[in-house]
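So the chains spell out like this:
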Amino acid sequence: MSTVTGGCLFTAVHCCVVPSSLSSTSKLKLQPTPTPTLRFAVSGQISAETTPSKTETTTTNLNGNGRFKKKREEEAETEGKKEKQNPYVLEIEKKEIEFTSSRKGLDAYFEGSRNFIKSDGGPPRWFSPLECGSRLDNSPLLLFLPGIDGVGLGLCKHHHTLGRIFDIWCLHIPVKDRTPFLGLVKLVERTVRSENYHSPKRPIYLVGESLGACLALAVAARNPDINLSLVLSNPATSFEESPLQPLISFLEIIPVEHQLSLSYILSLMTGDSLRMVMDNAVKGIPLHQIIGGLSKDVIAMSSHLNDLAALLPRETLLWKLQMLRPASEFANSRLSAVKAQTLVLSSGKDQFLPSEEEGQRLFRAFPKCENRKFNDSRHFLFLEDGIDLATIIKGSVAFYRRGMYHDYVSDYVPPTPSELKMLYESNRLFLLATSSVMLSTLEDGKVVKGLAGIPSDGPVLFVGYHMLMGHELAPMITQLLLERNILLRGLAHPLVFMRKKKEGRLPPLSDFDPVRVMGAVPVSGTNLFKLLSSKAHVLLYPGGAREAVHRKGEQYKLFWPEHSEFVRTAARFGAKIVPFGVVGEDDFGEVIFDYDDQMKFPCLREDIRRYTEEEGIKVRAQINGELGNEDMHYPWILPKLPGRFYYYFGKPIETEGRELELRDKDKAQELYLQIKSEVEKNLAFLKEKRESDPYRNVVARLAYQAMHGFTSEVPTFEI
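In short, a report on the structure. (Residues numbered from 1 in each chain as written. Predicted model: local features only at pLDDT ≥ 70, side-chain atom pairs only at ≥ 80, totals over all residues. Heavy atoms only, no water.)

The mixed open sheet is built from 8 strands, whose spatial order is S10-S9-S18-S15-S11-S14-S12-S13. The strands lining the two open edges of the sheet, one partner per strand, are strand S10 (447–449) and strand S13 (521–522). Looking at chain direction, strand S15 (residues 576–583) and strand S18 (residues 646–649) are connected through 4 bridges and run antiparallel. Bridging across to S18, glycine 581 finds its partner in tyrosine 648. Packing of helix H19 (residues 525–533) onto the sheet brings it into contact with strand S11 (460–464), strand S12 (488–492), S13 and strand S14 (537–540), and relative to S12 it is tilted by some 170°. (Pairing = 2+ DSSP bridges. Helix = DSSP H or I, 4+ residues; strand = E, 2+ residues; numbered from the N terminus. Contact = heavy atoms within 4.5 Å. Axes fitted to C-alpha atoms, helices over the stretch in contact; angles between N-to-C directions.)

Okay, structure coming up:
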């Protein structure tokens, strides 16, 4: 692919400035002057009628670099073919994956950004990142609305991953441009209306940080009927409570030779310097002493911050800060008109804005809103290590979509290698502690170590025992990925996908982001139907939550309903059914205070009932008795010295060619009872065989690995 030197640079939909640092072999041939056929040739002066169609837009974006365009089309076509073959079998390399460090990405960005500082007075225009991957078919449009930097700095670490699932445009506001806030609102609004006119079913995502978040809210409020989704990072709607307000007056009186630039403002990411400066000013400390202290701080800043200072000289910084007040007032006065699905990202240590409190306020104000808290992050959230905007969007509830409405199956995007690596690293210690033993059954009935008996081609339905609190999930899903490149999509309790307007007993919704990134969907007959029809590998627990939060002495007992429809659904698509059992929870912890114990205490009993009524969703509403008990509670568990997890996947049961036979309820019930019996046999087999495992105890396993290496596989019992 032909690239531009300097890392995260942009190809302009219209741009009069051609970076001088481009190499002769990779220089973009951009149009030198505005023409009425180019989108946004002059800010705010092209109507929707003169805007080209979607196809023409793509050509305009990539014209002048035919090799790049052709290569992108070929890559998109190749990746599309791979997805159509089997989107759920991931080709994951087991070797260490190399990722571009954030430092390198920022270096490249600042090297190229120097070209934006030239005498360019505007107007604002849209850019599309060159280094985005070949995106999915029918990708939604993402409009990135920058903060006070105006150049989209926050996008530089995310454009590559976002580009795989979005068509990205970034708003660029030149350094000397003085377009007022309402002018920016109208510019973005025209873009939104134009794109919606050409593709009314295509979602448009507005991603804004601080000032850009106010811009996104204003556009959404003025266009409630357009298919919008909002991502707001530390929105400046809280400017009235911001310590930045005194800074505006402060900037106006600072002599030019001591101008306060963005380099100092960004230094606040690592300290509470702004509050210290304001406190000193209040105490009457002479201004030149305060400025002297600032100068020392600025000298200590990295060269990156000096580059940013050039992007935001004193006059520009003052203009942007003065814009925050009307932007905040404009957006706040129209919050009730915002109907778009919204994701608010709040930093816990934002020293510019009270973002944590503002996130809660907006969360309560909007009907369709999620609030993600980043307790240790500061204002410039998108520049911090460990923040991946694409992963956040994919992990949020029903947020990423390619049509008018979200579909858990067709809109799902499999995890990237970096996401898989992150998930693996977060579970590394648990995987080491459980040191799982996995057995599977070949077609001839032979039991083997490993997962060779698991069918590669879907649809496949895994049906088994739900261990206490679902602790068996991480080792099973990880091993299927590493050993067989199979992504297991689970049917999960609806609470994993339910937004709560107030805190409850459940963990924050963000704690379940990894579950959603890995492809879990709300359990329902419709979602099972869709997954099997797409030839996925699907995980189903008939015992549900009742099995996962069982009482004392109920380990390895199945709580399956008397009848199930999953057999006939599986037969309709010829799915293979894999019954499995897993044991080891009793070697990891013991339930000491269960549901029955808690219900004996009036205060706890009332708390459980109230929480179940307010937050609970009945999955088994039609089942009476104990099997239908879905009261929300947490058992108290006493940890033990870690034992070992053992999995046994039985021989796959074929349903292909039996659709007519299994339409009969009696035949389907007979197969259902057979599957249940197989799971119980698998559990009994593992409970017996683990007694002869010399490495069942974690101490024995650690001793073995100390002698043979901690990456070595620990032996187990003989089959």
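What follows deals with the packing of aromatic side chains. Describing an aromatic ring pair means giving the distance of the ring centres and the angle of the ring planes. A complete count under the given rule lists 24 aromatic pairs for this structure. On the numbers, 4.9 Å between centres and 70° between planes, the contact of phenylalanine 166 with tyrosine 205 is edge-to-face. Of this pair, phenylalanine 166 sits in the loop between helix H4 (159–162) and strand S4 (167–172) while tyrosine 205 is found in strand S5 (residues 204–209), placing the two residues 39 residues apart along the sequence. Grouping residues by exposure puts phenylalanine 166 and tyrosine 205 together as buried. Seen in terms of ring centroids, tyrosine 465 and tyrosine 556 are 5.8 Å apart; in terms of plane orientation they differ by 55°. Their pairing is tilted. On the criterion of sequence distance, the pair formed by tyrosine 465 in the loop between S11 and helix H17 (473–484) and tyrosine 556 in the loop between helix H20 (544–548) and helix H21 (566–572) is long-range, its members being 91 residues apart. Considered together, tyrosine 465 and tyrosine 556 belong to a single accessibility category, that of buried residues. A connected cluster of aromatic rings, assembled from ring pairs, spans Phe462, Tyr541, Phe580, Tyr647 and Phe649. Note that arginine 334 overlies the ring of phenylalanine 330, its terminal NZ or CZ placed 3.7 Å from the centroid. Just above the ring of phenylalanine 559 sits the side chain of arginine 546; from NZ or CZ to the centre is 4.0 Å. (Phe/Tyr/Trp six-rings, centres within 6.5 Å; stacked < 30°, edge-to-face > 60°. Buried < 20%, exposed > 50% of the residue type's maximum accessible area, 1.4 Å probe, protein only. Lys NZ or Arg CZ within 6 Å of the ring centre and 35° of its normal.)

Attention now moves to the pattern of salt bridges. Counted according to the given criterion, the structure contains 26 salt bridges. In this structure, arginine 402 and aspartate 411 form a salt bridge, with 3.9 Å as the shortest nitrogen-oxygen distance. Assessed through its relative accessible area of 7%, aspartate 411 is described here as buried. The salt bridge involving aspartate 586 is made with arginine 690; its shortest N-O contact spans 2.7 Å. Of this pair, aspartate 586 sits in the loop between S15 and strand S16 (589–593) while arginine 690 sits in the loop between helix H25 (665–689) and helix H26 (698–708), and the two are 104 residues apart along the sequence. Through salt bridges with shared partners, one network takes in Asp586, Asp587, Arg690, Glu691 and Arg696. (Salt bridge = Lys/Arg side-chain N within 4 Å of Asp/Glu carboxyl O.)

Our focus in this paragraph is H25. Between its first and last C-alpha atoms H25 spans 36 Å; for 25 residues at 1.5 Å apiece the expected length is 36 Å, and the two agree. Every buried residue of H25 is listed here: Ala668, Gln669, Leu671, Tyr672, Ile675, Val679, Asn682, Leu683 and Leu686. Summarising the contacts, the buried residues of H25 are in contact with strand S9 (437–441), S11, H21, S15, S18 and helix H24 (659–662). Of the residues that open H25, the one with a side-chain oxygen 3.0 Å from the backbone nitrogen of aspartate 666 is aspartate 664. (Expected span 1.5 Å × (residues − 1). Polar contact = N/O pair within 3.5 Å; in protein donor to acceptor, adjacent residues only side chain to side chain.)

Further remarks concern the nonpolar core. Note on soluble globular proteins: their nonpolar side chains tend to be buried together. By size, the foremost hydrophobic cluster in this structure holds 63 residues, and its most contacted members are Leu461, Phe462, Met476, Phe566, Phe649 and Ile675. In terms of residue count, the dominant contributor to this core is H25 (7 residues). In contact with isoleucine 675, not counting residues within four places along its chain, are Val463, Trp560, Phe566, Val567, Ile577, Pro579 and Ile653. (Core = buried A, V, L, I, M, F, W, Y, C linked by side-chain atoms within 4.5 Å.)

At the junction of glycine 458 and proline 459, the peptide bond is cis and its omega measures out at 5° in the coordinates. As for its placement among the helices and strands, proline 459 is situated in the loop between S10 and S11. Positive phi, normally seen in glycine, also occurs at serine 210, with a value near 50°. Summarising the element assignment, serine 210 is placed in the loop between S5 and helix H6 (211–222). In this structure serine 210 comes out as buried when scored by relative accessible area, which is 7%.

Turning to the environment of leucine 343, a few remarks are in order. If you trace the backbone, leucine 343 turns up in strand S7 (residues 341–347). With a relative accessible area of 0%, leucine 343 lands in the buried category. Those residues in contact with leucine 343 that lie beyond four places of it in its chain are Leu230, Val231, Leu232, Glu370, Arg372, Ile392, Ser396 and Phe399.

Time to look at the pairing of strand S2 (residues 125–129). Taken across its 5 residues, S2 has 5 buried, putting it largely inside the fold. Burial along S2 is two-sided: the residues Arg125, Phe127 and Pro129 and Trp126 and Ser128 are all buried. Where S2 meets S4, 3 bridges bridge the pair, whose relative direction is antiparallel. Across the sheet, the residue bridging to phenylalanine 127 is cysteine 170, located in S4.

This part covers the side chain of aspartate 513. One can find aspartate 513 in helix H18 (residues 513–517). Setting aside residues no more than four positions away along its own chain, aspartate 513 makes contact with Arg372, Gly395 and Ser396.

We now examine the packing of helix H5 (residues 181–198) against helix H12 (residues 314–332). Here H5 crosses H12 at 55°, and the two axes come no closer than 9 Å. With respect to H12, the element H5 is oriented oblique. Where H5 approaches H12, its residues Phe181, Leu182 and Leu184 are matched on the opposing element by Met323, Ala327 and Phe330. Tallied by class, residues from the contact of H5 with H12 come to 6 nonpolar, no polar and no charged. (Parallel < 35°, antiparallel > 145°, perpendicular 65-115°, else oblique. Nonpolar A, V, L, I, M, F, W, Y, C, P; charged D, E, K, R; others polar.)

Next up on the list: the packing of H6 against H12. Orientation of H6 relative to H12, taken along the N-to-C sense of each, is 30°, at an axis distance of 9 Å. Crossing angle aside, the handedness with which H6 passes H12 is left-handed. Across the interface between the two elements, Leu211, Cys214, Leu217, Ala218 and Arg222 from H6 touch Lys320, Met323, Leu324, Ala327, Ser328, Phe330 and Ala331 from H12. Taken together, the residues of the contact of H6 with H12 break down into 9 nonpolar, 1 polar and 2 charged. (Left-handed = near helix turned anticlockwise from the far one by under 90°.)

Bringing the side chain of arginine 696 into the picture now. Here arginine 696 shows up in the loop between H25 and H26. For arginine 696, the residues in contact, after removing those within four places along its chain, are Asp587, Pro642, Gly643, Arg644, Tyr646, Arg690, Glu691 and Arg701.

As a further point, take a nonpolar patch on the surface. On the surface, Met469, Tyr634 and Ile637 cluster together to form a nonpolar patch covering roughly 220 Å² of accessible area. Its location among the elements puts methionine 469 in the loop between S11 and H17. The exposure class assigned to methionine 469 is partly exposed, which follows from its relative accessible area of 32%. (Patch = residues over 30% accessible without salt bridge, like charges linked within 9 Å, V, L, I, M, F, W, Y side chains within 5 Å. Areas by Shrake-Rupley, 256 points an atom, 1.4 Å probe, with all protein chains shown as cover.)

All buried positions along H26 are accounted for by Val698, Arg701, Tyr704 and Gln705. The arc that holds the buried residues of H26, viewed along the axis, is 125°, so those residues lie on one side. What points out from H26, more than 90 degrees from its buried face, is the exposed set Val699, Ala706 and Met707. If you follow the buried residues of H26, they end up packed against helix H16 (428–434). One side-chain oxygen of the residue at the start of H26 lies 2.8 Å from the amide nitrogen of valine 699, identifying that residue as asparagine 697. Of the residues one or two after H26, glycine 709 is the one with positive phi, at around 105°. (Arc of directions from axis to C-beta.)

Interpretation in functional terms is not warranted from these geometric data alone.
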